[in-house]
Amino acid sequence: MAESAVLLFSWKASKLLARSHIHNYVHLKCCRRCLWALGLVHSHSVHKPEICLVLQSTHLPSADGTRTLSNLYFLKPALSPSESIKKDKYRNKKQKNIGKRKDYSQTKLEKDLILVDKTRKSLVTILEAHVTRMKSIENMLLHPAHASMKPDEHHFQNGGIWHNKSSKAQRELKNASEDYHHAFKEVMKDGVIPLDDNIAFLASANTLKTSDIVPHDQCQLPLSSQKQSGDALTADTAEKHLRISGDHLTSVQKSIISQTIGQQNVTQDNRLETSTAFTDFEDGNTDSHIHLSKTAQTDGSSKVHVDEKNMLPAVVALGFNNNLKVFVDACISAKMVARAHATVSYYVKRAQHRPKVNSNVSDVGIFNLVAHAWAKQGNTEKVKEVFRMMREAGVSLNHQSYAAAFECVASQTTTDKTLGKKILSQLEKKGLRVEAIFNNCEFRGDGKEKVFAAIKAIRPTFVPDPPPALKGYSAKLVMHLNEEDMKASGRLDTPYSGLFTKEELIIRGRQQCKAELKGQVAVKSIEWKPPLDSRTIEMRKILEESQKKWKETLHDAFVKNVKILSHKLSSTKVVNVLPFLRVLKAEDYVDIMLQEVRLLAESSETFSPGVQILYRGLGQKVQNRYATQVKINDQLTSKIQKLYSEYLQYFTDVRLTCEKIPREYWQSLLEASPEGPTVDVEEKGWPFHVLTGVGRFLYDILVHELKIDTAALMTSKEKMSKYMPIFYKIFRNVGVQVKEEIKPHPAVVKLFKGAAEEQLLFETNLVPMLSPPIPWSSTKYGGYILSSARLIRLPFMASQQQALLDQAPSNQLYPVFDSLNQLGACPWIINEPILDLVIELFNNKGSVELDVAPPVSECPQLPKILPGMTKEEKANVSKECLAIKRKRAEMYSLWCDALYRLSIADHFRKEVFWFPHNLDFRGRVYPCPPHFNHLGSDVARSILKFAKGQPLGKHGLDWIKIQLINLTGLKKRNPVSERLAFANQMIANILDSADKPMTGSKWWMSSDEPWQTLACCIEVAKATRSPDPDKYICHLPVHQDGSCNGLQHYAALGRDQHGAEQVNLFPFDVPQDVYSGVASMVESLRQKDAESGIEIARVLEGFIKRKVVKQTVMTVVYGVTRYGARLQILRQLKDIPDFPQDYAWKGAGYLVQKTFQSLSEMFTATREIQDWFTECARLISQVRGQPVQWITPLGLPIVQPYYRTVNGAKSVPGVEGKMTRYVLHHGITSEKPNVMKQKNAFPPNYIHSLDSSHMMLTSLHCQRAGISFVSVHDCYWTHPNCVELMNKICRDQFVKLHSEPLLEQLSHFMVDKFSYNERDLPNDGSICDITKQRLNKVLASVPPRGNFNLKNVLESTYFFS
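Residues numbered from 1 in each chain as written. Predicted model: local features only at pLDDT ≥ 70, side-chain atom pairs only at ≥ 80, totals over all residues. Heavy atoms only, no water.

This paragraph deals with the overall build of the protein. Looking only at helices and strands, one finds 45 helices and 28 strands in the protein. Sorting the 1361 residues of the protein into buried and exposed places 58% on the buried side. Within the protein, counting contacts between residues at least 6 apart in sequence, those at least 24 apart form 76% of the total. Of the roughly 57600 Å² that the protein leaves accessible, carbon and sulfur atoms contribute 53%. (Helix = DSSP H or I, 4+ residues; strand = E, 2+ residues; numbered from the N terminus. Buried < 20%, exposed > 50% of the residue type's maximum accessible area, 1.4 Å probe, protein only. Contact = heavy atoms within 4.5 Å. Areas by Shrake-Rupley, 256 points an atom, 1.4 Å probe, with all protein chains shown as cover.)

Attention shifts here to the confidence of the model for the protein. Summing up the model confidence of the protein, the mean pLDDT is 76 and the portion of residues at 70 or higher is 73%. Scored below 50 in pLDDT, residues 94-124 shows 73 contacts in the model against residues more than four places distant or in partner chains. Here residues 126-173 scores under 50 on pLDDT; set against residues more than four positions off or in separate chains, the count is 87 contacts. (pLDDT = per-residue confidence, 0-100.)

What follows covers the sheet that holds strand E14 (residues 792-793). In spatial order, the strands read E14-E17-E18; together these three strands make up an open sheet with mixed pairing. The sheet terminates laterally at E14 and strand E18 (925-927), the two strands that pair on one side only. Sheet topology places strand E17 (residues 917-920) next to E18; three bridges connect them, and they run antiparallel. Pairing of histidine 917 across the sheet is with proline 927, part of E18. Sitting on the sheet, helix H26 (residues 814-824) touches E17 and E18, and the angle it makes with E17 is about 135°. (Pairing = 2+ DSSP bridges. Axes fitted to C-alpha atoms, helices over the stretch in contact; angles between N-to-C directions.)

The next subject is helix H42 (residues 1235-1265). Because the α-helix completes a turn every 3.6 residues, residues three or four places apart line up on one side. A rise of 1.5 Å per residue sets the reference length of H42, with its 31 residues, at 45 Å; its end C-alpha atoms lie 45 Å apart and thus fit the reference within 8%. The largest bend along H42 reaches roughly 40° and is located at phenylalanine 1242, with the proline proline 1243 sitting one to four residues downstream. Most of H42 is tucked away: 27 of the 31 residues are buried. One side-chain oxygen of the residue at the start of H42 lies 3.3 Å from the amide nitrogen of methionine 1236, identifying that residue as asparagine 1234. Count one or two residues on from H42 and you reach glycine 1266, which has phi positive near 80°. (Expected span 1.5 Å × (residues − 1). Bend = angle between axes of the 7 residues up to and from the residue. Polar contact = N/O pair within 3.5 Å; in protein donor to acceptor, adjacent residues only side chain to side chain.)

It is worth spelling out the packing of helix H12 (residues 399-411) against helix H15 (residues 447-458) at this point. Between H12 and H15, whose axes approach to 8 Å, the crossing angle comes to 80°. Relative to H15, the element H12 lies roughly perpendicular. Across the interface between the two elements, Ala403, Phe406, Glu407, Ala410 and Ser411 from H12 touch Gly447, Lys450, Val451, Ala454, Ile455 and Ile458 from H15. Looking at side-chain class alone, the contact of H12 with H15 contains seven nonpolar, two polar and two charged residues. (Parallel < 35°, antiparallel > 145°, perpendicular 65-115°, else oblique. Nonpolar A, V, L, I, M, F, W, Y, C, P; charged D, E, K, R; others polar.)

Here the focus is the sheet that holds strand E22 (residues 1038-1041). Ordered in space as E22-E28-E27, the three strands form an open sheet in which the pairing is antiparallel. Unpaired on one side and paired on the other, E22 and strand E27 (1270-1272) mark the two borders of the sheet. The average angle at which neighbouring strand axes cross in this sheet is 25°, direction not considered. The pairing of E27 with strand E28 (residues 1275-1278) spans three bridges and is classified as antiparallel. Looking at the pairing, serine 1271 lines up with tyrosine 1276 of E28.

Another aspect to go through is the packing of aromatic side chains. For the coordinates displayed, the defined rule picks out 48 aromatic pairs. For the pair tryptophan 828 and tryptophan 1277, a centre-to-centre distance of 6.2 Å together with 75° between the ring planes defines the contact as edge-to-face. Placement of the pair is tryptophan 828 in strand E15 (residues 827-830) and tryptophan 1277 in strand E28, with a sequence separation of 449 residues. Across the pair, exposure class does not vary: tryptophan 828 and tryptophan 1277 are buried alike. Their ring planes at 55° and their centres at 4.8 Å tell us that phenylalanine 1359 and phenylalanine 1360 sit as a pair that is tilted. Phenylalanine 1360 shares its class with phenylalanine 1359; the two are buried. Put simply, the rings of Tyr496, Tyr644, Tyr647, Tyr650, Phe651, Tyr665 and Trp666 touch in pairs and so form one group of aromatic residues. (Phe/Tyr/Trp six-rings, centres within 6.5 Å; stacked < 30°, edge-to-face > 60°.)

Glancing now at helix H36 (residues 1074-1091). The end-to-end C-alpha separation of H36 is 26 Å, in line with the 26 Å expected for 18 residues at 1.5 Å each. For H36, the full list of buried residues reads Val1074, Tyr1075, Ser1076, Val1078, Ala1079, Val1082, Glu1083, Leu1085, Arg1086, Asp1089 and Ala1090. The elements touched by buried residues of H36 are helix H34 (1045-1054), helix H35 (1057-1062), helix H37 (1095-1099), helix H38 (1106-1116) and helix H40 (1144-1162). Positive phi shows up at glycine 1093, right after H36, with a value of about 95°.

Taken as a whole and assessed by the stated rule, the structure comprises 41 salt bridges. Between lysine 910 and glutamate 832 there is a salt bridge; the shortest N-O distance is 3.1 Å. Of this pair, lysine 910 sits in the loop between helix H28 (871-907) and strand E16 (913-914) while glutamate 832 sits in helix H27 (residues 832-842), placing them 78 residues apart in sequence. Judged by relative accessible area, lysine 910 falls into the exposed class, the value being 67%. When salt bridges that share partners are traced, they join Glu832, Asp836, Asp906, Arg909 and Lys910 into one network. (Salt bridge = Lys/Arg side-chain N within 4 Å of Asp/Glu carboxyl O.)

The next thing to look at is the nonpolar core. With 112 residues, the main nonpolar core has Leu1065, Val1074, Leu1151, Phe1173, Phe1242, Tyr1246 and Met1310 as its most contacted residues. Residue contributions to this core peak at 11 residues, all from H42. Among all residues touching leucine 1151, those that are not within four sequence positions of it are Val1082, Leu1100, Ile1104, Val1108, Ile1129 and Leu1133. Core analysis: the second largest hydrophobic core is formed by 109 residues, Tyr347, Trp550, Val611 and Leu614 among them. (Core = buried A, V, L, I, M, F, W, Y, C linked by side-chain atoms within 4.5 Å.)

Moving on, we come to the side chain of glutamate 763. Note on placement: glutamate 763 falls in strand E13 (residues 759-763). One buried charged residue, glutamate 763, forms no salt bridge at all, with the nearest opposite charge on lysine 621 at 5.5 Å. In this structure, glutamate 763 is in contact with Gly519, Gln595, Lys621 and Asn624, ignoring residues within four places of it in sequence. (Lys, Arg positive; Asp, Glu negative; His and termini not counted.)

On the secondary structure map, glutamine 822 appears in helix H26. Using a relative accessible area of 6% as the deciding quantity, one classes glutamine 822 as buried. Apart from the residues lying within four places of it in its own chain, the contact partners of glutamine 822 are Ser1259, Gln1263 and Phe1269.

Moving on: unusual backbone geometry. Within the chain, glutamine 635 stands out as a residue other than glycine whose phi angle is a positive 60°. If you check the backbone angles, asparagine 1064 has positive phi at about 65° while not being a glycine. Here asparagine 1064 is to be found in the loop between H35 and H36.

Moving on to the environment of methionine 714. Along the chain, the position of methionine 714 falls in the loop between strand E9 (707-709) and strand E10 (723-725). Distance in space between the C-alpha atoms of methionine 714 and alanine 747 is 9.8 Å, their sequence separation being 33 residues.

The subject of this paragraph is the environment of arginine 1055. Secondary-structure assignment places arginine 1055 in the loop between H34 and H35. Of the residues examined, arginine 1055 reaches a relative accessible area of 12% and is grouped as buried. Once the C-alpha coordinates of arginine 1055 and leucine 1350 are considered, the two residues, 295 residues apart in sequence, prove to be 7.5 Å apart.

Here the focus is the environment of asparagine 439. Here asparagine 439 lies in helix H14 (residues 435-440). Classification of asparagine 439 by relative accessible area gives partly exposed; the value is 28%. On a C-alpha basis, the gap between asparagine 439 and proline 466 in space is 5.8 Å, while along the polypeptide they are 27 residues apart. In this structure, asparagine 439 is in contact with Asp465, Pro466 and Pro467, ignoring residues within four places of it in sequence. Within the local environment of asparagine 439, its side chain forms a polar contact with the backbone oxygen of glutamate 435, the two atoms lying 3.3 Å apart.

Turning our attention to the packing of H36 against H38. Interhelical geometry of H36 versus H38 gives an angle of 115° and a closest axis separation of 9 Å. By the criterion of interaxial angle, the relationship of H36 to H38 is roughly perpendicular. Handedness of the H36/H38 crossing: right-handed. Only Arg1106, Val1109, Lys1110, Val1113 and Met1114 of H38 make contact with H36, whose side of the interface consists of Val1074, Tyr1075, Ser1076, Val1078 and Ala1079. (Left-handed = near helix turned anticlockwise from the far one by under 90°.)

Here it is, written out as structure tokens:
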């Protein structure tokens, strides 16, 4: 049996990609430059060669024991797609030039196949003979136009390349040829072929195992080895005869190779079946066990499962398949099923004829979408075609595929029972269960009922038996919660019981659903506007008339442009923007564009974002509207609303809240309502290039079609209409780049400003909810009822983490879900007295001191250049103008942010509302509404209160007073008792602040957090004046903040006694201030340097304060660089009036050095752990070529999404000119981790994942205790009467978290995932071998720990305080 192999001449070793064909050959493209270097084509050839060298060898023993090579195939070059669409004059010119070069070698290259029969000769001999032959052909390839070029005297020794000494490119080619020639000399000397960056040998993909990966610089093909049998090379013998290099392959390329293996095996197995299997639904010799590679098995899901031992999911392959899946879904929604079918067919065939690893349709979900679309129409023949395509692509049918087949049977006029029985027979022969169709598949509309009817017609006794959902935890830290009886766990109350009746909540739920279906919420602006006058009324009338005209214009232009685009793209089958412009009604696109007009017209005059940001933002609005429309089309909204109405009972029934948590109750409702469409449906978010394409199309219409009559705005009586575009493009220099921006015409700005619109419009997923959020029970659905919400805010490059989330068992993520649900279920109300004061101050020119943004009118006027000024003075004026313009842009941005926040707060003034929550990729929790939430500034936090109040109890008032003093920043180094005593001493000022905040002594204004301080003053005044302060119902949250929480986690990880003492893990009578400690140590180092005569040390005398080093100490644990720290300290030095500014930069550099030195001495174990994190990340990303990943203690998989990407546009047959912008490419052409970002980000990201885990543990246990709990990362909030209980839970969970061997678990995970097998290491002392051994050693070398006793945390008052 013959073995296939390929000889790949690659300019970069990272281009080693394989794709098998059914002929048992592996075809790989050679880059043009490498072919030049080998003399296979001339360096000035017009053709863009796509040449494959295909070697077919046999295992017949030879006399000298070498492996034999039977045939060497040379495939002709193919004409590139771009050349086929050139204009006639260029095409004719090219053909004319090619005609002049018709000679012997060109004729040979144009033949379909050149067979060189060299039997029973070594591989080296064949290749050397081939190169020698090509040297002689080289002279014939010369073009007359190049006759002036002189051949180098070493032409033949350099591989047959013309060498032009004046050309850098030619010199590079000469060097490459010399390297290649040198390699052959080494072959003749040593008898082996070294597989370096220019030559790589890949065994047949049929027999390749990814576990056989060894160092690429040690990869050898033995030319004199033991005799082999005539059998095919197996996985067991592959390692003996051929070592495959894998280090220079990225994880994407490894994954693609593994997927190729699996698809190839599936393809071969499928071809053993009868010709009608999977297509005509007839019985055949169907193998029920398709043998898949371990690295590419497929199950009932639509994802490709990749072995996590050696590789990650392929970003390139996933990117292509995800993009195609989104396109197909859009086509189906736009009723363009035939287009979706044709596109999938095109890519399947292209993968066969033009093998490209990044364009293989390997996601079974793509085919299933098309199959379901035809099935709804009852089109059996089209469904068969889809299944035939699956066979050609090597994709096996899953449960969802058979669901489409059954739906097709049921959608016909009369049910074909014979066909249904054949389908059922094939399904069971493949080892699949019919019941699993209803358990594992997603259904739209009435699809489930149709499938059930089809099966019921065949088997009348069939009844689906759904398995019970896993509702318990699997993480070790929370498994004990599975067994606890919530009623017996000391549950006090719930944050929501008694607030509403069920009927009231149902009404609020309907209001929320109505707003989400509408897609927008109108919020009245709190900006003060003068009373209406005749001019304002006139401007509003003009605006209303203009908007009517614009609406008509936009509608006509949109319809016309979509028709033109449809005509232009009618002949192309590639992914394009067209279906995304048909998923909604034209009126919806027009409404979205009109909203964009207003948004731009009211934006900053001095700053505007780049066009790419505008395009993506507009495209995102279309996608959000489409996500809601899909639920309407799939008949999902009615089912969700019904389930949600039942779910609201949970918040009014005390029995339910004691028996279940929100997720469990929601899951029980889903189990009780299996009929209808699937609720937890994967939301297919549009990739960024789709959003950009849609936004660009709509902006093209806005820019070119909309006009305004500028004369209508004039006040003069004689007016002549003059229409001008309402938008224009400008190009601004930003550094070395030119930034394209879209600006509104001044007349449009004047029109909207003069009309003085009173309402602001927000997307519904940007504001709080009027009813409790949907609980997260899967990665697909939660948060808002109908609007789009994602569990994790993943950047575009994070498709690997999404794949890991999809593959994780559902109960693995339950702790994360339940923590999000607990935080989101907390109801809020507005602190109206504080809001009134802030709004009054906002409309009275704001206040920088109180963090209320002033309007742009408060910015200084631009200076003018006066006659007689010198050049230097003019330059200074220009610089001052530039600084003022920047200041204006910044002020306007802050003013708009404050306007949005205060307007939304005012809108919910009399309401109870909720914040749905989600995560970032590290597991940190955030509220979904961005403009107004409790993670905001001092102002935002001060105007929020718990909706349900609690009696203060015995110590509640004391905790409010302590928080009040904490917020002032006056007693940070004092014990809690002294803070409370100080509050009692200042009671007169506290009451004066509460009674006369703007006219009294204004003591609260000197606080670090003035508005929260004022809120505490008001609450203290109300409580002290109440008849019984202990029974006073308080809604104000009390905060407990971690003491430099990042360093706390480092000290606990390293059991660092000294570091633990500095960050209050150890109990002291007074709080330890790490910032003051570092400042003191820096000061002592400065004194020594000053005594030694160092000038800058003397200059800094008296200026090293706590505030100067605080930010650097706080952020060093989160990976701040020395340069970043220098900028931080520089800002602090500039704020010191007496400091000589000439020494600011030098002084900042000196202080950074001393601060880092002090931290290293103070936190020795911390620095060792941080260095270990950094080195592990560097080796993983650099040596392994993979992003760093880990799993949090609560089961959340994390992948760092930092890559170096290459974006490239490609030509498309039949698409020319500007239309190419509407052909979409998935953008990623390589997956290379960004080593610098990977290693710098890993330490802070891992610590962030730990502090998030600690918060989630505290959240889950506070929920079981029945107390309100909200967090701002490492700052925990609860009612004043629950502070002691929350503090106990917080400390208990921190100790339990760090009692786990976290570093050892991380090390075991990284060793298991990223280390090399010992048998793969050559142990020859080479650089590669040393590097790999170092990787293995570093990953396994956990830093030593100190002797700190974690239980001390339980007694530490100032751990969180």
